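Here is how the chains run, residue by residue.
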Amino acid sequence: MAKPTKPVDPGTDPNLAREKGKYDKPVPSREFILETLGNQAHPLTREELIDLFGLEDPDAFEGLRRRLIAMERDGQLVRNRRGGYVPVDQEELVRGRIIGHRDGHGWLAPDVGGERIFLSPRDMRLVLHGDRAVVQLIGVDDTGKPEGRLVDVLSRANRTVVGRYFSESGVGFVVPQNRRLHQDIIVPTGEQGDALDGELAVVELHQQPGPRNQPIGRIVQVLGEHIAPGTEIETAALTYDIPMEWPPEVLERAASLPDQVTPDAIEGRTDLRNVPLVTIDSADARDFDDAVYCERTRNGYRLLVAIADVSHYVRPGTPLDSEARERGNSVYFPGKVVPMLPEKLSNGLCSLNPRVDRLCIVCEMLVSESGEVRRSRFYRAVMRSRARMLYDVVARIVVDQEPELRARYRELLPHLQNLHDLYGALRQARGKRGAIDFESTETEIVFNPDGGIEAIEPVERNDAHKLIEECMLAANMATARYLRRHRIPTLFRIHEGPEADRLDILRQFLAAVGLHLGGGDNPRASDYARLMEQVSSRPDRNMIQTVMLRSLQQAVYHPDNVGHFGLAMEEYAHFTSPIRRYPDLLVHRAIGHLLDGGRAEDFPVSTDEMLSLGEHCSMTERRADEATRDALMIMKCHFMRERIGEDFNGVITGVTGFGLFVELDDIYVDGLVHVTALENDFFHFDPINLKLTGERSGVVYQLTDRVHVKLAKVDPDERKIDLVMLGKLDNGGKVQRVTPSEERQRRRTRRGPGKARGKRSETVDFAGPGKGPRRRGKR
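**Student:** Describe the pattern of salt bridges, naming the residues involved and giving the relevant values.
**Tutor:** Within the structure shown, the criterion is met by 50 salt bridges. With a shortest N-O distance of 2.9 Å, R132 and D111 are connected by a salt bridge. Of this pair, R132 sits in strand β6 (residues 132–140) while D111 sits in the loop between β4 (106–110) and β5 (117–119), and the two are 21 residues apart along the sequence. The exposure classification of R132 matches that of D111, with both residues buried.

Shown next as structure tokens:
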């Protein structure tokens with residue numbers, strides 16, 4: 001291989017000042033290495049890069065070696081067979097995270113966003129769900145979707161896997177509980193520990209999947225034959241690899257922190273201890289990371305949103321920071337929180353508890369009478385929360401005007417009233433922007449003394465909930481504007497508009513019900529909001545809202561700001577929860593860098609590093625959602641086991657080719673009516689209008705239909721609640737059943753007079769002893 005002929009001066013590295021601020025003996029920055037490799041005619045080895053940069057110090061050799069390893073790990077570089085480094089910034093090479101499918105194929109979700117790239121089962125044999133990899137684009141399928149080929153595995157996501165252990169013909173293996181993990185884990189003889197055939201267990205992987213082998217591991221924990229009540233959270237956390245224990249070095253660092261704010265920490269900060277800031281949260285909240293205060297001005301309002309200064313205690317590169325980064329966010333299981341930071345921080349130094357000094361970063365905003373944020377500024381401060389208030393109490397003070405409560409909080413009453421008035425202005429601005437407001441029912445779990453579910457109750461969102469939400473949205477928007485104006489690398493919370501294929505499906509559905517979504521190929525949030533208002537009085541509005549919601553993409557963290565579609569905001573970032581979200585902590589560090597006089601050029605985190613962090617934090621957010629849903633579903637299964645055989649009314653919340661999902665009235669539990677548990681008929685699935693139609697009976701089941709069902713089976717291990725359809729409900733709540741004579745008449749009507757019933761080939765499924773064959777439900 002020819003050597004590069006023209007040396008490159010490391011002194012021309014545009015990020016040299018940033019590197020000198022981070023290291024005593026700086027090496028070329030990541031950006032400079034990528035630029036240099038991109039200018040060469042062929043890939044360069046590490047030795048060739050050393051020669052090209054003119055490095056002579058052994059410490060510089062080691063620094064470059066470590067940097068190249070880190071860039072490989074983060075997917076910025078891949079090495080070819082000759083050891084040459086290739087930048088992953090070409091159109092045909094894409095890095096991202098693997099998404100598995102139970103059928104064996106999968107996708108790569110690119111870090112930069114965009115369409116998922118399909119991977120064949122052959123490529124998926126080398127990886128597992130959650131792994132990070134680089135793929136090469138090789139073309140598109142018949143529908144125009146991109147296809148790829150696996151090039152390199154950057155990192156592995158699955159250290160342990162929860163599944164059911166089996167032994168067949170002397171071969172042990174674990175079938176994962178997570179359906180996206182499509183490969184069984186081989187357990188060699190002698191590595192099964194105390195696990196018996198059919199038991200749930202935790203297997204530790206010591207060999208990842210490869211070209212010639214499945215993943216291999218050993219049993220490290222036996223969970224038993226079934227998931228016992230009270231172990232739902234532990235099982236879900238193990239299944240989704242949620243960290244539950246703190247490393248010793250993290251606890252040691254947390255223990256070394258002071259119990260209270262020290263005088264030297266207050267020095268140089270704005271003193272807000274005489275400002276009546278308050279926290280407003282739910283009764284079961286444990287950490288308080290935001291406080292608010294509002295006063296009237298001549299032209300509107302002055303709003304202070306004070307957020308706990310976590311960045312003062314959690315410094316980059318420390319064990320606290322490494323663990324917070326790995327966790328990504330706190331996980332809120334029913335009745336239990338797995339925090340991102342140790343309790344000394346999350347419930348202590350960084351929790352804005354009443355009547356104690358706390359460090360904070362403040363977003364101060366001047367808001368007009370019409371709810372527009374005209375000006376904003378940020379500064380470090382020390383505060384002392386005047387009171388810890390509850391949503392219900394604040395609503396009773398400012399909305400219900402209860403005299404007793406107003407007298408008790410008379411000192412805070414003017415400020416609370418200002419906040420409520422401000423809320424009205426912010427809501428007005430929200431409507432003017434055209435933000436989308438989807439209606440949904442939130443629930444909370446009421447536990448019995450034994451830790452089981454006593455009841456599942458709806459939570460009513462009052463004006464106090466919405467007041468705090470609007471204040472946080474305003475601060476987040478102001479933060480994004482501030483960081484974007486200074487062009488500093490950070491993570492925005494982005495929400496892109498609907499993809500073309502989902503938009504086509506939505507438009508076809510709307511056309512079938514006589515509606516139209518404006519905006520052409522690029523609708524705006526205001527087009528969605530306008531349609532929501534148009535259907536607000538229709539009886540099928542819930543069905544329409546559900547289909548509209550499913551047309552939208554998921555919000556993610558990304559360094560490139562593309563705005564937030566749902567909120568109708570051009571800039572949006574998360575600033576308000578650094579106790580429980582790592583992206584918020586990164587945002588606070590960017591703000592602090594600017595407050596200290598720093599520039600974007602010398603900020604210690606590059607945009608490409610932010611890209612990897614954004615992908616990681618988006619993943620941990622999805623992981624937390626999946627784990628909490630999993631734990632909740634197991635709890636609901638245990639809750640419903642005593643009610644097998646009972647009848648319930650409910651509403652259809654999902655329609656698929658294999659059946660109907662029904663939410664049961666008053667108890668807010670979902671179950672599945674499998675297509676084989678419907679009437680003795682063949683049902684056709686309409687994916688556009690989301691309905692099942694009986695071929696013989698003509699019975700139609702679609703979203704939001706009211707139905708009457710029987711609870712047939714509950715399986716906590718499989719997270720399944722099976723229902724049997726008893727009939728649809730009419731407007732009066734009575735069950736509609738199709739009698740045999742009505743069904744015969746419908747068949748005669750479809751055949752027409754004088755027509756004989758013709759023979760046709762069909763797949764049949766025997767219903768059981770004493771019953772004739774019936775058509776298999778379409779899947």
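**Student:** Can you break down the packing of aromatic side chains residue by residue, with the values?
**Tutor:** If you walk through the whole model with that rule in mind, you get seven aromatic pairs. Judged by centre distance (5.6 Å) and plane angle (90 degrees), the ring pair of Y528 and F565 falls under edge-to-face. Highlighted residues: Y528 in helix α16 (residues 525–534) and F565 in the loop between β25 (556–558) and α18 (582–595), separated in sequence by 37 residues. The pair formed by Y528 and F565 is uniform in burial state, with each residue classed as buried. When the centroid spacing of 6.0 Å and the interplanar angle of 40 degrees are considered together, the rings of F683 and Y701 count as tilted. Placement of F683 in strand β29 (residues 683–686) and of Y701 in strand β31 (residues 700–702) is noted, with a sequence separation of 18 residues between them. A single burial state applies to F683 and to Y701, both of which are buried.

**Student:** Quick rundown of the state of the cysteines? Include the residues and the values.
**Tutor:** Covalent bonding between the sulfur atoms of two cysteines is what defines a disulfide. In total, this model carries zero disulfides according to the counting rule given. In this structure C350 is not part of a disulfide, and its nearest cysteine sulfur, from C360, lies 11 Å away. According to the relative accessible area criterion, C350 is buried, its value standing at 1%. Here C363 is not disulfide-linked; the sulfur of C471 is the nearest cysteine sulfur, at 11 Å.

**Student:** Which residues make up the sheet that holds strand β30 (residues 691–694), and what values go with them?
**Tutor:** Reading across from one edge, β29-β30-β31 is the order of the three strands in this open sheet, with antiparallel pairing throughout. Looking along the sheet, the strands with just one partner apiece sit at the ends: β29 and β31. Strand-to-strand twist across the sheet, computed as the mean angle between neighbouring axes with direction ignored, equals 20 degrees. Pairing of β29 with β30, which is carried by four bridges, proceeds in the antiparallel orientation. By the bridge assignment for β30, H684 is matched with T693.

**Student:** How would you sum up unusual backbone geometry? Please name residues and give values.
**Tutor:** At A568, a residue that is not glycine, the phi angle is positive and equals roughly 55 degrees. Residue position: A568 is located in the loop between β25 and α18. Located in the positive-phi region is T704, a residue other than glycine, with phi close to 70 degrees. Tracing the backbone shows T704 in the loop between β31 and β32 (706–715).

**Student:** Could you give me a rundown of α18, with the residues and numbers involved?
**Tutor:** Taking 1.5 Å per residue as the helical rise, α18 with its 14 residues ought to reach 20 Å, and the 20 Å between its terminal C-alpha atoms agrees with that figure. Remark: G597 follows α18 within two positions and exhibits a positive phi of approximately 90 degrees.

**Student:** So what's going on with the pairing of strand β33 (residues 720–729)? Residues and values would help.
**Tutor:** Across two bridges, the pairing between strand β28 (residues 670–674) and β33 is parallel. Bridge pairing in β33 links V673 to L723. Between β32 and β33, which pair antiparallel in sequence order, lie four residues; one of them, R719, sits at a positive phi of approximately 55 degrees. In the sheet, β33 pairs with strand β34 (residues 735–736) via two bridges, with the strands oriented antiparallel.

Rules used in this analysis
Residues numbered from 1 in each chain as written. Predicted model: local features only at pLDDT ≥ 70, side-chain atom pairs only at ≥ 80, totals over all residues. Heavy atoms only, no water. Salt bridge = Lys/Arg side-chain N within 4 Å of Asp/Glu carboxyl O. Helix = DSSP H or I, 4+ residues; strand = E, 2+ residues; numbered from the N terminus. Buried < 20%, exposed > 50% of the residue type's maximum accessible area, 1.4 Å probe, protein only. Phe/Tyr/Trp six-rings, centres within 6.5 Å; stacked < 30°, edge-to-face > 60°. Disulfide = S-S within 2.5 Å. Pairing = 2+ DSSP bridges. Axes fitted to C-alpha atoms, helices over the stretch in contact; angles between N-to-C directions. Expected span 1.5 Å × (residues − 1).

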